[in-house]
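Chain and residue survey
In case you want the letters, here they are:
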Amino acid sequence: MKIIHPKPASCKGAGFFEHPNDYSGAITMSGNTHKCIGLFLLVASQCLNADVPGTRYAWYKADAGVTVDADSNVVGWVDQVAGGQDLDRVIGTPGTVTLGRSGGGTVGVVSFDGASALWASAGDWGSVAGNRTVVLHCRLSGAVDGFLFDGSTNPGKTRAQVRSGFWQAGVQDAGASFGSADPDTTVISVDTWQTHMFTYAESGGSTQVTHYIDGSQVGTHAVAVDTSLGGLILASNGGTGGKLAYELAEVIVYARSLDVSERSDVVSYMEGRWGDLIDLPIVYQSATTIQNPGNVSIYGFHGIAALAITSTGNAPAYALTALEFNLGGTTDTGDIDEIRLYSSGDSAVFDPSQATLIDTILPPFSGTMSFNIRVSVTHAETHFWVAVKMSGDSALGDVLDAEITGFTIDGADAGTYTPAVTAPAGALTINSQFFSTIVRAGGDDGVAGFRIPGLATTGAGTLVAVFDIRHDGFGDLPGNIDVGAMRSTDGGLTWSTMITVMDYDENVPGSFGNGVGDPSILVDKNTGRIWCAALWSKGNNGWSGSGSGLTPDETGQYVLNYSDDDGVTWSAPVSITSQIKNAAWKLYFQGPGKGICMRDGTLVFPSQYRDAGGTPRSNFIYSTDGGVTWANSTPAIPSGSPWTTESQIVEQDDGNLLISMRNHDGSKRRLWCVYSWNHDTETIADGSWGTAWYDQTDPTVMASVERYRSKLDGHPYSALLFSNPDNTNRSKMSIRLSLDEGLTWPYKRKIDDRPAAYSCMTILPDGHIGIFYETGSSSSVAQMEFARFPLVWLVGDTDTDSDQIPDFYEDAVGLEKHNGADASLDPDLDGMSNLDEYRAQTHPLDNESVLTASIQKTESGLVLTWSSVPFLSYRVEGSETMAEGTWEVVPGMSEIKADGVRMSITLPAATGERNFYRVVTQRG
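Note on numbering: residues in each chain are counted from 1, in written sequence order. Under the rules for a predicted model, residues below a pLDDT of 70 receive no local features and side-chain atom pairs below 80 are neither given nor counted, while totals for whole chains, interfaces and linings still include all residues. Side-chain numbers here rest on the full set of heavy atoms in the structure, without hydrogens or water.

1. Some points on the overall build of the chain
The helix and strand tally for the chain stands at seven helices and 67 strands. Radius of gyration: C-alpha atoms only; globule rule: 2.2 Å multiplied by the number of residues to the exponent 0.38. At 33 Å, the chain has a C-alpha radius of gyration in line with the 29 Å of a compact globule built from 924 residues. Its C-alpha atoms give the chain principal-axis dimensions of about 100 × 75 × 55 Å. With a 1.4 Å probe rolled over the protein chains alone, any residue whose accessible area is under 20% of its type maximum counts as buried; one over 50% counts as exposed, and the rest are partly exposed. Burial analysis of the chain (924 residues in total) assigns 55% to the buried set. Residue-level accessible areas treat just the shown protein chains as cover; the underlying method is Shrake-Rupley with a 1.4 Å probe. Of the accessible surface of the chain, which amounts to about 35900 Å², a share of 49% is contributed by carbon and sulfur atoms. Strands here are runs of E lasting at least two residues and helices are runs of H or I lasting at least four, both read from the DSSP assignment and numbered beginning at the N terminus.

Dropping the structure here:
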């Protein structure tokens, strides 16, 4: 550990020590050396105290008392007042930045990156009651919301923050949430050094808050709260979000108000002490190539190698203009869809969601390649990653590797350079068919927290994820909550920026935040319209506060809106409460998660309600006219015992509805029931519920059930999926598969060991499985992740009898997985062996389930038609003789993804006297 301290020769000219000849380099915290440093800091403090007006409660100077680790990350900040209110607790990695002075020389300041903070609890720091003043000399690094400072106790929130481009300042009582707003004072200025002074003058149970910038008053207001400043947090409010990116030179806390003369003296002191701080131009020093060897998925974006350029200074002054590389060591470049160049700034870890995409190279890939670009070098160590986007076709064990052979920069040191190391040892190895990525985490877009996943695949193949935007933290309705959405057009590998789907004005008096949340999403397969359902709580009309009646002032509202452009824009939400809610009930709302579109076009949203006595029950609403009108079903548990709430529904092959319900009887078991009717003579309105049953461990949580495959769609078997935390507490998110329409779940695999809560599944455009779920290391709702994988990842590829037919397929279609001889048999006498049927993904016991093809002559040419299985890929091959070794892929027909039970394509003009064609099943 080393200590940043002033030079012995001068108090006002003090700065960070960066070179051994400045003093003695790194300081070891032990023995006499420790004592000497403590004495020296005291002398420096006495010298500088003379310039500061008045008696201070706490005082932090960036050039005295800052303790850093070997990577120059701040690990503590010593208070320069004898009281010893040290900031000795760290969030993230606050750092240090060296700046120039307008009159010459350099000085160091503390830097918060928007994900870091320093703090001391009230138990260590103490409490300031009555009037108080906080002064900071600082510079905002951007316009992102966050807290300049806050108290670290509740009550005790004396604070200032940036919100929506404005400074805010105030005090908060014990009932206020972490992320709640304060009154505005003035607009912010970015990249400008300013002295901010905040005074809090108490009077008769209220506090007069005044904000000064560089000595001029910019805002004042009274807050009807009178509370102390307990503890201190710099750059955060102590919550999961709320962190502010800024640079800080000095902080002074006074346990009183300052008069006009003192305020002027403090501003003069700050200006005289710090002067005009200047960014130093970045100057090139050296470069090398780094790699992070490890195991990766067949999907996603992987950083193979990074050019790490080392520089000094902090103001961009030169750029990388070219980077030359090859993929030497890579097993199969054909498994790569794109090569990309990213910048990850000062981070040596590649994360495509956090890095900046610079350029892309498309196949074919061979030999030495080059990115010709111009991108500024912005950090003391800037990383430029050669990354690849995978096709999903790699074999397990394949290797990805790269060598960076040269690069070119402009500016004062313009030229072409070779990295000190061009090809570090190690490589990436493809070892998994499972891919996951963080979609939302607390702090993203300045939002305190996100919860409640919903996920659907649109008719265009886009994934749309919906969720709660919880502005004030992880609290439920009522509160300031909106419904958000993000889209993915590449199967979940990358996600769009967040859009707001539903938002009611939180400033409506008495609305308790006017929140809307717990979303559920549904895609109408006939029209393509995407529906979203949510609960709107105007006032205290959430789970506990909502009452009887139908109006927004009486009860929570069941609201719907929709998108007709694949989830890009959304209509205004409309309440359907009067259509579906019994006025005596206390609350009626959706699942959450997702709804379904049945085979006959009926739209269904799983729902829940609290009856007139407050008992919760699960049921569903439905529409048979495309969403124009809605009706509800009877409850799945008529007696209301046990209580059931959040549910999900799937249509069975016989047309009935299977509901999976959150059960509140304490047994930690999932509750299931079937809603059925005579599909020849009755409608869904005539249906009734069967006897409910318990199955699968469940920690009393929302869970997901989804159709994976159906014989009705041409598949050789039907299968359902179920996801939930497989534990009596909320952890170990797992996926199960049923081959008997939900009666048993013989296949299961855990996808995450961490705490986990709600989940929602969908089937991806390529037929793989996607899940959007809550998880995190610190809690089950810290972040929301998306994961995807093929069926084989879930059920395995074990082949017990070594007959080239996996056990799962034999189980699914009724073959014998312990009898290798059955591979050559043809039990349905359709001319295809069991092995042939497996390869074609047809059913070996059904002679109508077979891969057939025909050719028809049309005006546009020869049209090839074949019986297909949705989600499988096929290729078309041609030959003039049909002899082995003569079959070649017809150009442009190497991979045709089936979207129905029959596929047709127009063949190119024939080139020989005789031409033969065949269709080959590739994968699913």
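After that view, the rundown keeps rolling.
2. Looking at unusual backbone geometry
For the bond running from Gly-591 to Pro-592, omega is -5 degrees, close enough to zero to count as cis. Following the sequence through the fold, Pro-592 ends up in the loop between strand S43 (587–590) and strand S44 (593–594). Residues Ser-641 and Pro-642 are joined by a peptide bond in cis, for which omega reads 5 degrees. Among the structural elements, Pro-642 can be located in the loop between strand S48 (631–632) and strand S49 (644–651).

3. Considerations on the side chain of Asn-834
Secondary-structure assignment places Asn-834 in helix H7 (residues 834–840). The contact definition used throughout considers only heavy atoms, calling two residues in contact when any of these lie within 4.5 Å. Not counting the four nearest positions on each side in its chain, Asn-834 is found in contact with Ile-805, Leu-815, Asp-822, Ala-823, Leu-825, Pro-827 and Pro-844.

4. Examining the confidence of the model for the chain
Per-chain confidence: the chain averages 92 in pLDDT, with 93% of residues scoring 70 or above. pLDDT is a residue-level measure of predictor confidence that goes from 0 to 100. Below a pLDDT of 50 lies the segment residues 1–50, which in the model reaches 85 contacts outside its immediate sequence neighbourhood of four places, other chains included.

5. With respect to the pairing of strand S33 (residues 428–432)
Of the pairings in the sheet, the one linking strand S23 (residues 294–297) to S33 comprises four bridges and is parallel in character. Across the sheet, the residue bridging to Val-296 is Ile-430, located in S33. Strands qualify as paired when DSSP identifies two bridges or more between them.

6. Focus on the pattern of salt bridges
Salt bridges are identified by distance alone: a Lys or Arg side-chain nitrogen within 4 Å of an Asp or Glu carboxyl oxygen. Going through the model one piece at a time under the given rule, you end up with 37 salt bridges. Note that Glu-202 is salt-bridged to Arg-132, the shortest N-O span being 2.9 Å. Of the two residues, Glu-202 is situated in strand S15 (residues 194–203) and Arg-132 in strand S10 (residues 132–140); the sequence distance between them amounts to 70 residues. Given a relative accessible area of 22%, Glu-202 falls into the partly exposed group. The buried category is assigned to Arg-132, whose relative accessible area is 0%. Glu-646 serves as the salt-bridge partner of Arg-662, at 2.7 Å between the closest nitrogen and oxygen. Here Arg-662, found in strand S50 (residues 657–663), pairs with Glu-646, found in strand S49; they are 16 residues apart in sequence, far enough to count as distant. The exposure class of Arg-662 is buried, given its relative accessible area of 13%. A relative accessible area of 7% means that Glu-646 is categorised as buried.

7. With respect to the packing of aromatic side chains
Only rings of Phe, Tyr and Trp enter the pairing, Trp through its six-membered ring, and a pair is recorded when the two centres are within 6.5 Å. The plane angle decides the type: under 30 degrees is stacked, over 60 is edge-to-face, the rest tilted. One pass over the structure, following the stated rule, counts 38 aromatic pairs. Ring-pair connections join several aromatic residues into one group, and the members of that group are Phe-620, Tyr-622, Tyr-675, Trp-677 and Trp-689. By definition here, charges over rings are those cases where NZ of Lys or CZ of Arg is within 6 Å of the ring centre and within 35 degrees of the ring normal. The lysine or arginine in question, Arg-56, covers the ring of Trp-59, its NZ or CZ lying 4.8 Å from the ring centre. The aromatic ring of Trp-59 is capped on one face by Lys-61, whose charged end is 4.3 Å from the ring centroid.

8. Examining the state of the cysteines
Disulfides are defined as cysteine sulfur pairs within 2.5 Å. Inspection of the entire model under this criterion finds zero disulfides. Here Cys-532 stays free of any disulfide, with the sulfur of Cys-760 as its closest cysteine sulfur at 11 Å. Cys-532 sits in the buried class, given a relative accessible area of 0%.

9. Some points on the sheet that holds strand S42 (residues 574–575)
The five strands lie next to each other as S42-S41-S40-S39-S44, forming an open sheet whose pairing is mixed. At either margin of the open sheet sits one strand with a lone partner, and together these are S42 and S44. When strand S40 (residues 530–537) meets strand S41 (residues 557–563), the two strands line up antiparallel, connected through seven bridges. In the sheet register, Ile-530 faces S41, and the bridge partner there is Ser-563.

10. Structural notes on the environment of Glu-202
Note: C-alpha distance between Glu-202 and Ala-129 (73 residues apart in sequence) is 9.0 Å. Ignoring any residue separated from it by four or fewer positions in sequence, one finds Glu-202 in contact with Gly-130, Asn-131, Arg-132, Thr-207, Asp-226 and Thr-227. Side chain to side chain, Glu-202 and Arg-132 meet in a polar contact 2.9 Å long. Between N or O atoms, a polar contact is any pair within 3.5 Å; within protein, one atom must be a potential hydrogen donor and the other a potential acceptor, and residues adjacent in sequence are included only when both atoms are from side chains.

11. A word on the nonpolar core
With 63 residues, the main nonpolar core has Trp-77, Trp-125, Leu-136, Leu-148, Phe-149, Leu-234 and Tyr-246 as its most contacted residues. With seven residues, the single largest contributor to this core is strand S20 (residues 245–254). Buried Ala, Val, Leu, Ile, Met, Phe, Trp, Tyr and Cys residues form a nonpolar core when they are joined through side-chain atoms within 4.5 Å. The next biggest cluster of nonpolar side chains, apart from the first, holds 45 residues, and it includes Ile-282, Val-377, Phe-384 and Met-390.

12. Side note on the sheet that holds strand S54 (residues 704–709)
Spatially, four strands are ordered S54-S55-S56-S57 in an open sheet, and the strand pairing comes out antiparallel. Strands with a single pairing partner mark the edges of an open sheet, and in this sheet they are S54 and strand S57 (747–750). Ignoring strand direction, the axes of neighbouring strands in this sheet form an average angle of 20 degrees. Both strand S56 (residues 733–738) and S57 contribute to a ladder of four bridges, which runs antiparallel. Considered in S57, the bridge of Ile-735 is made with Arg-749. Throughout, an axis means a line fitted to C-alpha atoms (over the contacting stretch in the case of helices), and angles, computed between N-to-C directions, take values from 0 to 180 degrees.

13. Things to note about the side chain of Ser-704
Its location among the elements puts Ser-704 in strand S54. Other than its neighbours up to four places away in sequence, Ser-704 contacts Gln-648, Leu-721, Phe-722, Ser-723, Ser-759, Cys-760 and Met-761.

14. Structural notes on helix H3 (residues 260–274)
Given a helix with a known number of residues, its expected span is that number minus one, times 1.5 Å. An ideal rise of 1.5 Å per residue puts 21 Å on 15 residues; H3 measures up with 22 Å between its terminal C-alpha atoms. The set of residues buried in H3 consists of Glu-262, Arg-263, Val-266, Val-267, Tyr-269, Met-270, Arg-273 and Trp-274. Down the axis of H3, the smallest arc covering the buried residues is 155 degrees, so these residues share one side. Counted as exposed and oriented over 90 degrees from the buried face of H3: Val-260 and Gly-272. Where H3 begins, the side chain of Asp-259 points an oxygen toward the backbone nitrogen of Ser-261, at a separation of 3.2 Å. It is the directions from the helix axis to the C-beta atoms that the arc portrays.

15. A short note on the environment of Ser-511
Of note, Ser-511 is situated in the loop between strand S38 (499–502) and strand S39 (515–523). Residues Ser-511 and Tyr-246, spaced 265 residues apart in sequence, show a C-alpha to C-alpha distance of 34 Å. Those residues in contact with Ser-511, other than ones at most four positions away along the chain, are Asp-505, Glu-506, Ser-537, Lys-538 and Gly-539. At a separation of 2.8 Å, a polar atom in the side chain of Ser-511 contacts the main-chain carbonyl oxygen of Val-508.

16. Focus on the environment of Thr-422
Counting through the fold element by element, Thr-422 comes out in the loop between strand S32 (415–417) and S33. Between the C-alpha atoms of Thr-422 and Asp-625, which are 203 residues apart in sequence, the distance is 64 Å. Once residues lying within four places of it in the same chain are set aside, the contact partners of Thr-422 are Thr-289, Glu-403, Ile-404 and Thr-405.

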